Amino acid sequence: MKRKRGEMSRRDFLKGTMCAAGIFTIVPRHVLGGTGFTAPSDELTRAVIGVGGMGTGHLGYPGARLLAVCDVDEGHLQNALAKAGEGVKGYKDFREVLDRPDIDIVHIPTPPHWHALISIAAAEAGKDIWCEKPMSRTIGEGQKVVEAVQRNGRIFRLNTWFRFNDTFYGMGTPVAPIKKLVESGMLGWPLKVTVGETTGFGWKFFWSGRTDLKPEPVPAQLDYDMWLGPAPYKPYHPHRVHATFRGYWDYDGGGLGDMGQHYLDPVQYFLGKDDESPSRSKSMLRKQHPDAASSWRRVVLRYKDGCEIILDGEGKDAGVPYIQGPQGKLFKGFESDIPRLKEKLDQFPDPAPQNTDFHECVRTRQKFALNEQNGHRSCTLVNLAKTAVQLGRNLRFDSVQQRFIDDEGANRLISQPMRAPWHI
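Residues numbered from 1 in each chain as written. Predicted model: local features only at pLDDT ≥ 70, side-chain atom pairs only at ≥ 80, totals over all residues. Heavy atoms only, no water.

> Please clarify how the pairing of strand β2 (residues 65-70) should be interpreted in this entry.
Looking down a regular strand, the side chains alternate between one sheet face and the other. In terms of burial, β2 is a largely internal element, 5 of the 6 residues being buried. Pairing analysis gives 3 bridges linking β2 to strand β3 (residues 89-91), with the strands arranged parallel. Paired with Val69 across the bridge in β3 is Gly90. In the classification by handedness, the crossover that spans β2, the intervening helix α3 (residues 74-84) and the parallel β3 is right-handed. (Buried < 20%, exposed > 50% of the residue type's maximum accessible area, 1.4 Å probe, protein only. Helix = DSSP H or I, 4+ residues; strand = E, 2+ residues; numbered from the N terminus. Pairing = 2+ DSSP bridges. Right-handed = clockwise from strand over helix to strand, strands pointing away.)

Set out below in structure tokens:
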């Protein structure tokens, strides 16, 4: 019997060879000119995998021509096709998208429990990757993404941009002058950064799971088995999927999982911590429900050099500075207790420039400003906090080995088992 195009790569994927180099044998057109080659005159092309909610926003991103959309919900898929216009093809299985040799870039705005699996498969298929936050649901998944992207020489972008663009959330300032202030040394060292409601950052606690769910019939338009993918099987209920999935540990981590990387990546950047993780994670709360995420009080992430990141979940730190050092404080709106701060800051050099044009990075094969490596470290901040919240206890972490110290219960959350046949 004649084999249909793409059949072998999908079957191999299900047999567990996803991480083997060469699983996808089709060579993308942008590497035909040699390793890392993209002809400057070539038009870049892309696909969006996951087009419900956040994914609809990715449809209109400029810089590359949209060729394909993919979703396991027929309603989402047809809505995306109607918005995308002519020439865009729809798929229900992301592996068929990755089989296409004419697609250069894959956007991944799926729920987070799919981020690592699809990112790794895309890297093995020779695609460059634009992935939504959080980069991965666990620390171990993030490590595997880093390995796959670097092994295959891919360009990776994480879709949170506050380390290099826009006024970020409630601070009323872009991050560049904050980075400049920290590098100037005027605040002293070590620094304490408080991320909470009083410094302009709300944790979206409405992303809380429910513990009273009763099974309901799966809608005909939804492939629920594929939606779950690597996540443990749980009976279908509409609150588990689509707009409210973030309230469940199997798929995300409440408001902490949803917003944490937006809030914490700029902090990692201006503290200069892109190559390390905190050594301690201190939680002040009760152990959470094993399925449904909910609110929490406070988490302290502490680096070896004494720098701390305070995650204030109660909003009780009224009047607290965003950054506090032994020689000065910085508040919202770039207010400070340092006299003539802006005048003094003018004497110092600006932060080093960053590569913030993703499509130019694809063409030149230069790392994007927020890539698989520093993105994994900022996602690790989120996952350290999530682990402390889930377990309700203090943790010690080896930043080099990326393992918890003397806590096998916490280490089991680093690389969690996936539902067969999915694994990385």
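Having seen the model, we can carry on.
> Hey, could you run me through unusual backbone geometry in this one?
For residues besides glycine, phi is generally negative; the peptide bonds are generally trans as well. Of note, the bond from Lys133 into Pro134 is cis; its omega dihedral lies within 30 degrees of zero at -15°. On the secondary structure map, Pro134 appears in the loop between β5 (128-132) and α6 (139-151). The peptide bond linking Trp189 to Pro190 adopts the cis configuration, its omega dihedral lying at 5°. As for its position among the elements, Pro190 is in the loop between α7 (175-184) and β7 (192-196). Phi is positive for His242, close to 50°, though the residue is something other than glycine. Within the fold, His242 resides in the loop between α8 (224-228) and α9 (254-271).

> Any chance you could explain the state of the cysteines here in plain terms?
A covalent bond between the sulfur atoms of two cysteines is what we call a disulfide. Throughout the structure, instances matching the rule amount to 0 disulfides. Among the cysteines around Cys361, which has no disulfide bond, Cys131 carries the closest sulfur, lying 16 Å off. (Disulfide = S-S within 2.5 Å.)

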